[in-house]
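Structural description and commentary
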Amino acid sequence: MRSAWAKGDADCLACHGDATMTDANGHSIAVNGDKFQASIHGALGCNGCHADIKGYPHPEHPAKVDCKSCHADEAKNLAESVHRDGKEHPCTSCHGNQHEIFPKSDPRSAVYPLNIPKTCGNCHGNPEVAKKYGFSNVFSMYADSIHGMALSDEGLLVAANCESCHGSHRILSHKDPASSTYKTNVPATCGKCHAKIDADYEQGVHGKAIAKGDLKAPVCSDCHTAHAILQPTESEFRMQSTPICGSCHKDKLSTYHDTFHSQLGLLGGYVQTARCWDCHGAHDVRPSSDPGSPINRANLVKTCGKCHTGANLSFVQYQPHADPHNRKLNPGLFFVRLFMNLLLAGTLTFFVIHTILWLVRSRFHQIRKKSSNGGKDA
Amino acid sequence: MPELEQVTTNEKQVGTGTRYFRRFTAGQRALHATLFTTFLGLAATGMCLRFSDSVWARAVARAVGGFGAILFFHKACAVVLTLAFLIHVRDIFARAIMNREKGIFWGPTSMVANWRDMKDLVAHLRWMVGLGPKPRFERYAYWEKFDYWAVFWGMVVIGFSGYAMWFAPFFARFLPGWALNAVLVIHSEEGLLAILFIFSIHFVNTHLHPDSFPMDMAIFTGVESEEEFKTKHGLEYERLAHSGKLERLLAEAPGTWQINFSKVVGFTAIVIGLTLLVLTLTAYFS
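Small disclaimer: the values here were computed from a predicted structure and weren't measured.

Rules used in this analysis
- Residues numbered from 1 in each chain as written.
- Chains lettered and ligands numbered in written order.
- Predicted model: local features only at pLDDT ≥ 70, side-chain atom pairs only at ≥ 80, totals over all residues.
- Helix = DSSP H or I, 4+ residues; strand = E, 2+ residues; numbered from the N terminus.
- Buried ≥ 20, exposed ≤ 12 C-beta atoms within 10 Å, placed from the backbone.
- Contact = placed C-beta atoms within 7 Å.
- Nonpolar A, V, L, I, M, F, W, Y, C, P; charged D, E, K, R; others polar.
- Pairing = 2+ DSSP bridges.
- Domains from an automatic or database assignment.
- pLDDT = per-residue confidence, 0-100.
- Axes fitted to C-alpha atoms, helices over the stretch in contact; angles between N-to-C directions.
- Parallel < 35°, antiparallel > 145°, perpendicular 65-115°, else oblique.
- Left-handed = near helix turned anticlockwise from the far one by under 90°.
- Core = buried A, V, L, I, M, F, W, Y, C linked by C-beta atoms within 7 Å.
- Expected span 1.5 Å × (residues − 1).
- Arc of directions from axis to C-beta.

With that out of the way, let us pick up the overall build of chain A. Along chain A, the regular secondary structure elements total 21 helices and 0 strands. With the C-alpha coordinates aligned to their principal axes, the bounding extent of chain A is approximately 120 × 70 × 35 Å. Buried positions account for 25% of the 378 residues belonging to chain A. Once local pairs closer than 6 in sequence are excluded, the contacts in chain A between residues at least 24 apart make up 44%.

As structure tokens, then:
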């Protein structure tokens, strides 16, 4: 028994140790003495927080305990955060029962890394709360993500949990430039763990644009999404990502759609057909003029050769974004397409007219001769 | 089973009321059967690829076992059709060179177009609009020759462009770079033309036309009735009758099972074809 476990506490527990004890309104005012003693505040004893209670009988309405009196920094951060409303988000909403608080390194703590998603999910996994505040059900998306699975299946303490990206007390809206999830801060936030990818990203055109404050450029979450993060090798991810690149690079998406890469890929996730990043790279996307770009002339044989065994210099002259409507850029293709279209239109026009005339004339002929041979002749 | 034999004999006697003549050999019918089954397969899978952003394309892909299966079926049908095509070409050369069959390249029974076909076309068109008498045709009328050569040219063009995509790195050794882009345009446009032509023009001209409706069975049973022969290829009938060779073509009336089998196969092909035509047209214009 700790020295600070004063005799007074035993007095308090004489009443409050009864698990069924309630106040006049029916709220439980019971305290589990063993758990409180083991908790991080156990050493403080009852009086550490309930300083206004000097003896028994005590006032019917003792003063409200204010965590801020010790935890001033946390309270200050919380006051600036999206959870600033103390009534809706008292400290206990995350830290659990006020008499049973453990340090976050303790598996019994509600804010132990492996417990955080469930703790946040109490509200953020609740469809009614989601509806009230208009946010999506991020808890279930996270739970199925690669981070969520690493956490729940492997118990990986380093797997990203809510706090890793959003912080704890000072959680700001992603629209706030000071937030760790504000667009320009996302690469650094993810980069806390994914350091090499962040370094690559900073070197690419998108990273440089973001560094300049160009909010149109994509950050990690634009392609990988924030919560439902999928394995990039999964067909679902490969299906959903091409349109994301195409939402800015519209002309490139449209010419890509004309290719066999796209046609086969669109049929439900053909994993092996080339998507944007298979050729352009994913994180350090560079212009083709950059010798380090996989689509630089000097690197094309290697890049195409990843899938097309035997690719040679002539093979890589294939244009993955050729536009058959553009006579200046693709004259050969333009005339091939023109010829094929004329052939198609000409043949069909002639024969459709021929067929209709013939059909009408034959039927007419048949009806006139019907009596002679039963309508078989035409 | 004496009763059963009795029935069969009766049917044969009824059948002998009309004379039947052989129009297509077993080899030709087998060629057509291979051609249309693989073509249906190629068309169904090819259109899924061409219009891969349409809802039905994905549904079909799922139904056959995924996107990979689509490509597999397409290639499998292509290989079978290529073999059939090569056997046909070999057969033509064998007949022309080994057997010195002159009728293959010129003359009334040849598939090769000649000046007469041009005159037939004009005369036929004149008849359609009521400006002349109904022309009569030799063994292969001009539209039948067109059907043949359209398929022949189509197989060369679609086949070459298809293999060029399949084995692109190999073809790149002797094709210029932009040709690799062009082969997809050629393949898909020519494929579209083939589908639209076969499933609308060929179906109507050959099968749904009033003198054949609902279906011309000659390509399935190999024989046609004397009346059909006279109506459709009157000049050939006359030429053979004059030279006394007509009787050599006399054949047995098609059996009931043969007719039923042909109907099932033919209608299945027509239904699949028309479905593909509707899907293709909706996808093309949407």
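We now examine the overall build of chain B. Scanning chain B from terminus to terminus reveals 12 helices and 3 strands. The burial tally for chain B puts 31% of its 286 residues in the buried class. Residue pairs in contact within chain B that sit at least 24 positions apart in sequence constitute 71% of those at least 6 positions apart.

This paragraph deals with the interface of chain B and chain A. Listed as interface residues are 45 residues of chain B and, on the opposing side, 44 residues of chain A. Put simply, the parts of the chain that give the side of chain B that touches chain A at least two residues each are α2 (26–50), α3 (55–63), α4 (67–98), α5 (115–128), α7 (168–171), α8 (177–208) and α10 (226–232) of chain B. With 17 residues, α8 of chain B is the largest single contributor of residues to the side of chain B that touches chain A. When the residues that make up the side of chain B that touches chain A are grouped by side-chain class, the tally is 28 nonpolar, 8 polar and 9 charged.

Residues and elements named next belong to chain B. Strand order in the open sheet formed by 3 strands is β2-β1-β3, and the pairing between neighbours is antiparallel. Taken across any chain shown, the strands that pair with only one partner, and hence form the sheet edges, are β2 (223–225) and β3 (250–251). Pairing analysis gives 3 bridges linking strand β1 (residues 20–22) to β2, with the strands arranged antiparallel. Opposite F21, over in β2, you have E224 as the bridge partner.

When the domains of chain A are assigned, the result is domain 1 (7–65) and domain 2 (334–373). When each unit is reduced to the centre of its C-alpha atoms, the spacing between domain 1 of chain A and domain 2 of chain A is 96 Å.

A word on the confidence of the model for chain A. Low-confidence regions, as indicated by low pLDDT, have predicted coordinates that should not be scrutinised in detail. Within chain A, residue pLDDT values average 88, and 94% of them lie at 70 or more. Note on residues 373–378 of chain A: pLDDT under 50 across the span, and 13 contacts to partners over four residues away in sequence or across chains.

Mapping N77 of chain A onto the fold places it in helix α4 (residues 72–80). Considering only alpha carbons, one finds N77 of chain A and F102 of chain A, 25 residues apart in sequence, at a separation of 20 Å.

A separate point is the packing of α2 of chain B against α4 of chain B. Two measures define how a pair of helices packs: the angle their axes make with one another and the distance between the axes. All names here are of chain B. In contact at an axis separation of 9 Å, α2 and α4 are set at 150 degrees when each is read in the N-to-C sense. Judged by the inter-axis angle, α2 sits roughly antiparallel to α4. α2 and α4 meet at a crossing whose hand is left-handed. Contact with α2, carried on its side by L31, T34, L35, T38, G41, L42, T45, G46, C48 and L49, involves I70, F73, H74, C77, A78, V80, L81, A84 and H88 of α4 and no other residues of that element. Considered class by class, the residues forming the contact of α2 with α4 number 12 nonpolar, 7 polar and no charged.

The subject of this paragraph is the environment of A226 of chain A. Along the chain, A226 of chain A falls in the loop between α14 (220–224) and α15 (235–246). For A226 of chain A and F335 of chain A, which are 109 residues apart along the polypeptide, the C-alpha to C-alpha distance reads 46 Å.

Residues L267 of chain A together with C48 and I195 of chain B are the most contacted members of the largest nonpolar core, which totals 51 residues. When contributions to this core are tallied by element, the ones reaching two or more residues are α17 (260–266), α19 (300–305) and α20 (331–368) of chain A together with α2, α3, α4, α6 (142–166) and α8 of chain B. Among the elements that make up this core, the one with the highest residue count is α8 of chain B (16 residues). If sequence neighbours within four positions are ignored, C48 of chain B has contacts with L267 of chain A together with A57, V60, A61 and I70 of chain B. Y20, F21, F220 and F229 of chain B belong to the second-largest nonpolar core, a separate cluster that totals 9 residues.

On to α5 of chain B, then. The first and last C-alpha atoms of α5 of chain B sit 20 Å apart over 14 residues, in line with the 20 Å expected at 1.5 Å per residue. If you check which residues of α5 of chain B are buried, you get D120, H124 and M128 of chain B. For α5 of chain B, the angular spread of buried residues about the axis comes to 70 degrees, placing them on one side. Exposed and oriented more than 90 degrees from the buried face of α5 of chain B are W115, M118 and K119 of chain B. Those residues of α5 of chain B hidden inside the fold are in contact with α20 of chain A together with α6 of chain B. Where α5 of chain B terminates, the next one or two residues include G130 of chain B, which has phi positive at roughly 80 degrees.

Bringing the packing of α6 of chain B against α8 of chain B into the picture now. All names here are of chain B. Packing of α6 against α8 brings their axes to within 9 Å, and their N-to-C directions diverge by 155 degrees. Taken together, the axis directions place α6 and α8 in an arrangement best described as roughly antiparallel. Considering only the axes of α6 and α8, their crossing is left-handed. Residues W143, D147, A150, G154, V157, I158, S161, G162, A164 and M165 of α6 touch α8, and the partners they reach there are V183, L184, I186, H187, E190, G191, A194, F197, H202 and N205. For the contact of α6 with α8, the per-class residue count stands at 11 nonpolar, 7 polar and 2 charged.

With that settled, the discussion passes to unusual backbone geometry. Positioned with a positive phi, T225 of chain A is a non-glycine residue whose angle comes to about 65 degrees. Considering the arrangement of structural elements, one finds T225 of chain A in the loop between α14 and α15. For T225 of chain A, a count of 16 C-beta atoms within 10 Å gives the class partly exposed. The phi torsion at R100 of chain B lies on the positive side, around 50 degrees, for a residue other than glycine. Within the secondary structure, R100 of chain B is located in the loop between α4 and α5. Using a count of 8 C-beta atoms within 10 Å as the deciding quantity, one classes R100 of chain B as exposed.

We now examine the confidence of the model for chain B. All names here are of chain B. On average, chain B scores 88 in pLDDT, and the residues at 70 or more come to 94%. Within chain B, the element-level pLDDT minimum falls on helix α1 (residues 2–15), averaging 40, and the maximum on α6, averaging 95. The model gives residues 1–15 a pLDDT under 50, and that stretch makes 2 contacts with residues more than four places away or in other chains. Per the prediction output, this complex has pTM 0.79; the corresponding ipTM is 0.88.

What follows covers the environment of L81 of chain B. Residues and elements named next belong to chain B. Relative to the elements of secondary structure, L81 occurs in helix α4. Using a count of 21 C-beta atoms within 10 Å as the deciding quantity, one classes L81 as buried. Sequence separation between L81 and A44 is 37 residues; the distance between their C-alpha atoms is 15 Å. With residues up to four places along the chain from it excluded, the contact list for L81 reads L35, T38 and L42.

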